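Summary of the model geometry
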Amino acid sequence: MSEEHKEETVAEGKEPNEDLHIVKVSTTRSPFGYVDRCKHLLHEGLPEVELVGVAAAINSVASCVEILKSKKLVEVVKIHTSLAKMDGQQQTALPKFQVVMKKAPEFDAVYAEFLKEKAAKDAEKEAEKAEETTK
């Protein structure tokens, strides 16, 4: 986090990194976007990342956690379930699912391999673009 952003955050009355470790999951995006976000946050040095989903997003949270675990990137530290109160015309309680994860011992090696594969794919795409422009 940049110094400027830290100052803005403190000026708003929040502690730096207060909620940066929380990834709120919805049903509108692919679970892989949340998986990538968790990988990035852990790579940036956060000790733990928390995935949170309410109601229908609970399945997406479970999918994200399983994807990360199967790739040996995280270990689950804590699982918490509760009822989240939603304000609307009627106050309702929806199920809420929270999973706190930390880096697995193999995280750095697996993440380095991921970055290597991504760089190779990006280079391949650039080569294809260059080839198309020369035609």
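Residues numbered from 1 in each chain as written. Predicted model: local features only at pLDDT ≥ 70, side-chain atom pairs only at ≥ 80, totals over all residues. Heavy atoms only, no water.

1. Structural notes on the overall build of the protein
Each helix and strand in the protein was counted, giving four helices and four strands. Each helix (α) and strand (β) of the protein, taken in turn from the N terminus, gives the series α-β-α-β-α-β-β-α. A buried classification covers 24% of the 135 residues belonging to the protein. Counting contacts in the protein only where the partners sit at least 6 residues apart, residues at least 24 apart contribute 64% of the total. With an accessible surface of roughly 9,400 Å², the protein has 51% of that area assigned to carbon and sulfur atoms. (Helix = DSSP H or I, 4+ residues; strand = E, 2+ residues; numbered from the N terminus. Buried < 20%, exposed > 50% of the residue type's maximum accessible area, 1.4 Å probe, protein only. Contact = heavy atoms within 4.5 Å. Areas by Shrake-Rupley, 256 points an atom, 1.4 Å probe, with all protein chains shown as cover.)

2. Looking at the confidence of the model for the protein
Per-residue confidence for the protein averages 85 on the pLDDT scale, and 85% of its residues sit at or above 70. Mean pLDDT values for the elements of the protein range from 37 in helix α1 (residues 3–11) up to 97 in helix α3 (residues 58–70). Low confidence marks residues 1–16, where pLDDT is under 50. Its contacts with residues over four positions away, or in another chain, come to nine contacts. (pLDDT = per-residue confidence, 0-100.)

3. Describing α3
If you check α3, its first and last C-alpha atoms are 18 Å apart, about what 13 residues at 1.5 Å a residue would give, namely 18 Å. All buried positions along α3 are accounted for by S60, V61, C64, V65, I67 and L68. Take α3 and look down its axis: the buried residues cluster within an arc of 160 degrees, on one side only. Seen from the open side of α3, the exposed residues pointing more than 90 degrees away from its buried face are N59 and S70. Taken together, the buried residues of α3 touch β1 (22–25), α2 (31–43), β2 (48–54), β3 (74–86) and β4 (92–103). K72 lies just past α3 and shows a positive phi near 60 degrees. (Expected span 1.5 Å × (residues − 1). Arc of directions from axis to C-beta.)

4. With respect to unusual backbone geometry
In this model, A55 sits at a positive phi of 55 degrees, which is unusual for a non-glycine residue. Looking at the element boundaries, A55 is found in the loop between β2 and α3. Residue classification places A55 among the partly exposed positions, given a relative accessible area of 32%. For K72, which is not glycine, the phi dihedral falls at a positive 60 degrees. Mapped onto the elements, K72 comes out in the loop between α3 and β3. On the basis of relative accessible area, K72 is assigned to the exposed category, the value being 52%.

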